[in-house]
Amino acid sequence: MVNSVPAPPNPGPASATVPPMMLLLLAPLLALARGVWGEREKPKFCGEVTECFTFDLICNSSDYEARLYPPSAWVSTHVNNTYTAAKTTGFWRLLRYIQGRNQLGVKIPMTSPVLTRVDQAAGETQEYTISFLLPAAWQDDPPQPTQPVVFIERFPALPTYVRSFGGWLTDANRGTHIRTLDASLGRDARHFDRSWHYSAGYNSPMKLFDRHNEVWRLAWGGLGCAPA
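Note that the structure is predicted; figures quoted are calculated from it, not measured.

Draft legend 1. Broad picture of the overall build of the chain. Each helix and strand counted, the chain has 3 helices and 12 strands in total. Burial statistics for the chain: of 228 residues in total, 47% are counted as buried. Counted over contacts in the chain with a minimum sequence separation of 6, partners at least 24 positions apart contribute 73%.

Here it is, written out as structure tokens:
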């Protein structure tokens, strides 16, 4: 089973169409995103695995980055629980998939980051979606999971605002940093989807220092860092 993540919506009423000028502004970004993600240089903070979800850096602010991620395939699972418990349950389900619980029985290398989708409107206990990036060799035709609760998911190009932070990725610091990111984007008059966000963890539990985590918001319209 293959699911698809909807493309980032256009701001404004649901019936609105994308103005021609907006299409012209987005065209260079979409052209950048068409390349294979594995062809881009791996970021320095992603050092524990061979393959990471690479991106085009559009610009830097003092407290966030604007990145464009290309289309990609992931293996995912839904877990209804608290944030930390859902991440743990989801991680082990997906680990079993890459260790051979798939229809080909093949072992698949671990990648980074591990993504967790968080619904902004729900409470602490909600349905979270945890995802592992599939390596480049398995992007086009990944083996199907044998666990009914695990599925293959395809993402479109993702225009993304990202805030990075260290330490351990907990529900408390995730919340702190997504609020800080929202305030920064509001300060710079950037448009983004407020209904949900991703947290991204890059490190194994064995790494005690120099850890790297992120929170992501999907952009509406053009990406940028200066006030619109």
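Draft legend 2. Highlighting the environment of Leu57. Structurally, Leu57 can be placed in strand E3 (residues 56–60). Note on Leu57: relative accessible area 42%, which makes it partly exposed. The spacing of Leu57 and Tyr69 is 12 residues in sequence and 8.9 Å in space, taken between C-alpha atoms. In contact with Leu57, other than residues within four places in its own chain, are Glu65, Ala66 and Arg67.

Draft legend 3. Region of the structure containing the pairing of strand E4 (residues 65–69). In terms of burial, E4 is largely enclosed, as 5 of its 5 residues are buried. With burial as the criterion, each face of E4 is covered, one bearing Glu65, Arg67 and Tyr69 and the other bearing Ala66 and Leu68. Here E3 pairs with E4 via 4 bridges, running antiparallel. Paired with Asp56 across the bridge in E4 is Leu68. Bridge analysis of E4 against strand E10 (residues 158–165) gives 5 bridges, and the strand direction is antiparallel. The residue bridging Glu65 from the neighbouring strand is Val162, located in E10.

Draft legend 4. Representation of the packing of aromatic side chains. Scanning the model with the defined rule gives 14 aromatic pairs in all. Considering the side-chain rings of Phe53 and Tyr69, the 4.4 Å spacing of their centres and the 25° angle between planes classify their relative orientation as stacked. Of this pair, Phe53 sits in the loop between strand E2 (51–52) and E3 while Tyr69 sits in strand E4; the two residues are 16 residues apart in sequence, bridging distant segments of the chain. No difference in accessibility class separates Phe53 from Tyr69, as the two residues are buried. Judged by centre distance (5.0 Å) and plane angle (85°), the ring pair of Trp196 and Tyr198 falls under edge-to-face. Both residues of the pair, Trp196 and Tyr198, count as buried.

Draft legend 5. Highlighting the environment of Pro135. Assignment of secondary structure puts Pro135 in the loop between strand E8 (126–133) and strand E9 (150–155). Using a relative accessible area of 2% as the deciding quantity, one classes Pro135 as buried. For the pair Pro135 and Ala73, spaced 62 residues apart in sequence, the C-alpha to C-alpha distance is 8.6 Å.

Draft legend 6. The arrangement of the nonpolar core in detail. Val75, Tyr97, Ile130, Tyr161 and Leu181 are the most contacted members of the largest nonpolar core, which totals 33 residues. Elements with a contribution of two residues or more to this core: E4, strand E5 (72–81), helix H2 (83–98), strand E7 (114–119), E8, E9, E10 and helix H3 (171–187). The biggest single contributor to this core is H2, with 6 residues. Counting 18 residues, the second largest nonpolar core, distinct from the first, contains Trp74, Phe155, Leu158 and Trp216.

Draft legend 7. A look at the pairing of E9. Judged by how many residues are buried, E9 sits mostly within the fold: 5 of 6 residues are covered. Across 6 bridges, E5 lies against E9 in antiparallel orientation. Counted as the bridge partner of Trp74 is Glu153 from E9.

Draft legend 8. Quick look at unusual backbone geometry. Between Ser112 and the following residue, Pro113, the backbone shows a cis peptide bond with an omega angle of 0°. Here Ala189, not a glycine, exhibits a phi torsion of approximately 55°, which is positive. Secondary-structure assignment places Ala189 in the loop between H3 and strand E11 (196–201). With a relative accessible area of 36%, Ala189 lands in the partly exposed category. Not every positive phi belongs to a glycine, and Asp210 is a case in point at roughly 55°. Mapped onto the elements, Asp210 comes out in the loop between E11 and strand E12 (213–218).

Each value, and the rule that gives it
- Note that residues are indexed from 1 along each chain, following the sequence as it is written.
- Owing to the predicted nature of the model, reporting of local features is limited to residues with pLDDT of at least 70; listing and counting of side-chain atom pairs is limited to 80 or more, with chain, interface and lining totals taken over all residues.
- Excluded from the side-chain calculation are hydrogens and water; included are all heavy atoms of the structure.
- Helix and strand labels come from DSSP, where a helix needs a run of H or I of at least four residues and a strand needs a run of E of at least two; each type is numbered from the N terminus.
- Categorising residues by exposure relies on relative accessible area from a 1.4 Å probe, with only protein chains included: less than 20% of the type maximum marks a residue as buried, more than 50% marks it as exposed, and the intermediate range marks it as partly exposed.
- Two residues form a contact once any of their heavy atoms are found within 4.5 Å.
- We treat two strands as partners when DSSP finds at least two bridges between them.
- Only rings of Phe, Tyr and Trp enter the pairing, Trp through its six-membered ring, and a pair is recorded when the two centres are within 6.5 Å. The plane angle decides the type: under 30 degrees is stacked, over 60 is edge-to-face, the rest tilted.
- The criterion is simple. A nonpolar core is a set of buried Ala, Val, Leu, Ile, Met, Phe, Trp, Tyr and Cys residues joined through side-chain atoms within 4.5 Å.

None of this, on its own, says anything about what the molecule does.
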